[in-house]
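# Report on the structure
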Amino acid sequence: MVAAEKEIGPRVGSVVPALTFRNADGEPVQLSEIKSGKGVILAFVRSLGWCPFCKKQIRLLNEKAEKLTELGWTLASVSYDSPEVLKTFREKTNVNTMLLADEGSVAIDALELRNHGVKPGGKSVGVPHPAVVFIANDGEIREVLRHHGYQTRPSADDVVSAAKKL
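Residues numbered from 1 in each chain as written. Predicted model: local features only at pLDDT ≥ 70, side-chain atom pairs only at ≥ 80, totals over all residues. Heavy atoms only, no water.

### Here's the deal with the sheet that holds strand β5 (residues 98-101)
The condition that has to hold: Think of it this way: DSSP has to see at least two bridges between two strands before they count as a pair. Starting at the N terminus, helices and strands are each numbered in turn, a helix being any DSSP run of H or I of at least four residues and a strand any DSSP run of E of at least two. For helices, the axis comes from a line fit to the C-alpha atoms of the stretch in contact; other axes are also lines fit to C-alpha atoms, and the angle between any two N-to-C directions lies between 0 and 180 degrees.
Reading across the sheet, the 7 strands line up as β2-β1-β5-β4-β3-β6-β7 and stay open at both edges, with mixed pairing between neighbours. Edge positions in the sheet fall to β2 (28-30) and β7 (141-145), since each has one partner strand and no second. Across the sheet, the mean angle separating the axes of adjacent strands is 35 degrees when strand polarity is ignored. Judged from the 2 bridges that link them, strand β1 (residues 20-23) and β5 form a sheet pairing that is antiparallel. Along β5, the bridge assignment pairs N23 with L100.

Next up, the structure:
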């Protein structure tokens, strides 16, 4: 499940730059602050406001969050949505996974995940290619899971399996 499209997304072994997000309450969150035993898993999704595939993926990953924590990983999702959109999603779904807003798609661009194939001027400008990125506490990318397209995502079980191997 590592990207066959090698030109899209971060490379295993590369180091992530300093990144800042906002959580669903609008508070700033530094990537370097999201540490656990092994690191953080960032699930990049298009939108938790309008994308049904993204919403389903995060609900399913949320069900595995406790297992991922036991394996030493903190789970968070990243989208270009505003904190308000993320807060609405959290309230409607009771998802307790960390939801991070990447307004302006700065992190999405830094990790080379921006989908440049969307219509200019449309609501999708700035969305990432869906991917799950495992980042160790030292900032090194340890694994990247993704599929081609936006409808098929790494399953929650795939994420847990990868976490067990790392």
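### Focus: the side chain of T97
Condition: Residues adjacent in sequence count toward polar contacts only when both atoms are side-chain atoms; beyond that, a polar contact is any pair of N or O atoms within 3.5 Å, and within protein one must be able to donate a hydrogen and the other to accept it. Only heavy atoms enter the contact rule, under which two residues are in contact if any of them lie within 4.5 Å.
When you line up the elements, T97 lands in the loop between α2 (83-93) and β5. Of note is the side chain of T97, whose polar atom sits 2.6 Å from the side chain of N62. Those residues in contact with T97 that sit more than four places away from it in its chain are N62, A65, L75, A76 and S77.

### What about the packing of aromatic side chains?
Stated formally: Classification of ring pairs uses Phe, Tyr and Trp, with its six-membered ring standing for Trp, and accepts pairs whose centres are within 6.5 Å; under 30 degrees between planes counts as stacked, over 60 as edge-to-face, and the remaining range as tilted. For each residue, the accessible area found with a 1.4 Å probe, counting protein chains only, is set against the maximum for its type, and the residue is called buried under 20%, exposed over 50%, and partly exposed in between.
This structure, assessed with the given rule, holds 1 aromatic pair. Between W73 and F134, the ring centres sit 5.4 Å apart and the planes meet at 90 degrees, which makes this aromatic pair edge-to-face. Highlighted residues: W73 in strand β4 (residues 73-79) and F134 in strand β6 (residues 131-136), separated in sequence by 61 residues. We classify W73 as buried; its relative accessible area is 2%.

### Remarks on helix α1 (residues 52-70)
Put simply, the rule is: In this analysis, the expected span of each helix is defined as 1.5 Å times one less than the number of residues it contains. Think of it this way: the bend at a residue is just the angle between two axes, each fitted to seven residues, one set ending at that residue and the other starting at it.
With 19 residues, α1 extends 28 Å between its outermost C-alpha atoms, agreeing within 8% with the 27 Å of an ideal straight helix rising 1.5 Å per residue. At K64, α1 shows its strongest bend, of approximately 45 degrees. Of the positions making up α1, those classed as buried are C54, Q57, I58, L61, N62, A65 and L68. Each element contacted by the buried residues of α1 is listed here: β3 (39-44), β4, α2, β5, β6 and α4 (156-165). With its phi angle positive at about 100 degrees, G72 sits one or two positions after the end of α1.

### Some details on the pairing of β4
Quick reminder of the rule: The handedness rule is simple: strands pointing away from the viewer, and a clockwise path from the first strand over the helix to the second, make the crossover right-handed.
Among the 7 residues that make up β4, 7 are buried, leaving the element largely enclosed by the rest of the structure. Side chains of β4 alternate between two faces, with W73, L75, S77 and S79 and T74, A76 and V78 buried alike. Direction of pairing for β3 relative to β4: parallel, over a ladder of 6 bridges. The residue of β4 that forms the bridge with V40 is T74. Running through α1, the crossover from β3 to the neighbouring parallel element β4 is right-handed. Bridge count for β4 against β5 is 4 bridges, and the pairing is parallel. Looking across to β5, one finds that S77 is bridged to L99.

### Observations concerning α2
Threshold: An arc is given here, and it is the one of the directions from the helix axis to the C-beta atoms.
For α2, the set of buried residues is P83, L86 and F89. What you see down the axis of α2 is that its buried residues fit within an arc of 125 degrees, all on one side. Exposed and oriented more than 90 degrees from the buried face of α2 are E84, E91 and K92. Buried residues along α2 sit in contact with β1, α1, β4 and β5. Just past α2, the residue N94 takes up positive phi, approximately 60 degrees.

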